[in-house]
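Descriptive structure summary
Chain residues, written in single-letter form:
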Amino acid sequence: LDCSEPTENSILYLGESILIDSTIVIRARIFKDNCYPSRIVSNSYIFDNPDGIPIVSIVASPLSLNDSINGIFSPINILKNIEIPVSFTYWDVDPKQNYKSEIGIRIHGNYARTLPQKALRLISRSKYENSEFEFNFFGEQSLKKYKKFVLHNSSNDWQKTLIRNDFSTILSKKILYKETPNSKLVITYLNGDYYGIMHLMERIDEDYLSVAFDVD
């Protein structure tokens, strides 16, 4: 319940009913004598969100985030590109459209990484679960698959309008270039705690260009 990785010393589930009436994260793992532990299963239960805005939940070991030595949010690591495993869940406005996978994250950006609300790069790798994100995140404009996304915090526009980034990309797409990154506002939760409004954005790099233009 504290988002740490379950161990043999964690609370044992005996099949009883669990009352869930507020936002919470539950992580579970199976242990058996003479066997390797199962993969960790993480489920987020989100309450009291406004309609019309997609939701992103990220669940990670608290030590991998906040440990003073190894945590990616530690001041000594803030400029490093340390990648950690997390559970990622996306709920679209349409309740039938959702995506869940184990992925990797790292802190993203330059100035954006120094803010209290960190920009995060989301990376799909087969060592976590899936080698790519195969989900329609952006409607008709979405690619068939992605290797990376960015959860952006608006950087220099943080705690101001939160729309400059979206405005500039929409303007570029309509007037100048088709291949500007799609983005959308999402409500973000980190380990069950509200982490604020962010932008889920395509990341323009060699992987994106390879899929968008069908080149190796």
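What you see is a predicted model, and the numbers here were worked out from it, not measured in a lab.

Here the focus is empty space enclosed by the protein. Under the counting rule described, the total for this entry stands at one cavity of 30 Å³ or more. The computed volume of the largest cavity comes to approximately 60 Å³. In terms of lining residues, the largest cavity is bounded by Lys145, Tyr146, Lys147, Lys148, Arg203, Asp205, Asp207, Tyr208 and Val211. At three residues, the largest contribution of residues to the lining of the largest cavity is made by helix α3 (residues 206-212).

Moving on, we get to the pattern of salt bridges. Per the stated rule, a full pass over the model turns up seven salt bridges. Asp92 is paired through a salt bridge with Lys184; the nearest N and O atoms lie 3.5 Å apart. Remark: Lys184 occurs in strand β8 (residues 183-190) and Asp92 occurs in the loop between β4 (84-91) and β5 (98-107); sequence separation between them is 92 residues. The partner of Lys148 in a salt bridge is Asp207, and the shortest N-O contact between them spans 2.6 Å. Of this pair, Lys148 sits in strand β7 (residues 148-152) while Asp207 sits in helix α3, and the two are 59 residues apart along the sequence. Residue classification places Lys148 among the buried positions, given a relative accessible area of 17%. Shared partners join several salt bridges into a network, and the residues in it are Lys148, Arg203, Asp205 and Asp207.

What follows concerns the layout of surface pockets. Of the volumes computed, that of the largest pocket is approximately 730 Å³. Ile11, Leu12, Tyr13, Arg27 and Ala28 are the residues nearest the centre of the largest pocket, which is lined by 23 residues in total. At the level of secondary structure, the elements contributing two or more residues to the lining of the largest pocket comprise β1 (24-28) and β2 (41-45). Split into classes, the residues belonging to the lining of the largest pocket amount to 13 nonpolar, four polar and six charged.

On to unusual backbone geometry. In this structure, Cys3 takes a positive phi of about 75° despite not being glycine. Following the sequence through the fold, Cys3 ends up in the segment before β1. The phi torsion at Gln159 lies on the positive side, around 65°, for a residue other than glycine. If you trace the backbone, Gln159 turns up in the loop between β7 and α2 (164-175).

Inspection of every chain in the model, using the stated rule, returns 16 aromatic pairs. Ring geometry for Phe88 versus Phe133: centroids 6.0 Å apart, planes at 80°, classification edge-to-face. Residue Phe88 is found in strand β4, and its partner Phe133 is found in the loop between β6 (120-123) and β7; the two are separated by 45 residues along the sequence. Looking at Phe88, the relative accessible area reads 0%, which means it is buried. Among the aromatic side chains, those forming a connected cluster through ring pairs are Phe88, Tyr90, Tyr99, Phe133, Phe135, Phe137, Phe138, Tyr146 and Phe149.

Conventions and cut-offs
- Residues numbered from 1 in each chain as written.
- Predicted model: local features only at pLDDT ≥ 70, side-chain atom pairs only at ≥ 80, totals over all residues.
- Heavy atoms only, no water.
- 1 Å grid on protein atoms, 1.4 Å probe; cavity = no way out; pocket = protein on both sides within 12 Å on 5 of 7 lines; lining within 4 Å.
- Points joined across faces, edges and corners; volume = space filled by probe spheres on them.
- Helix = DSSP H or I, 4+ residues; strand = E, 2+ residues; numbered from the N terminus.
- Salt bridge = Lys/Arg side-chain N within 4 Å of Asp/Glu carboxyl O.
- Buried < 20%, exposed > 50% of the residue type's maximum accessible area, 1.4 Å probe, protein only.
- Nonpolar A, V, L, I, M, F, W, Y, C, P; charged D, E, K, R; others polar.
- Phe/Tyr/Trp six-rings, centres within 6.5 Å; stacked < 30°, edge-to-face > 60°.

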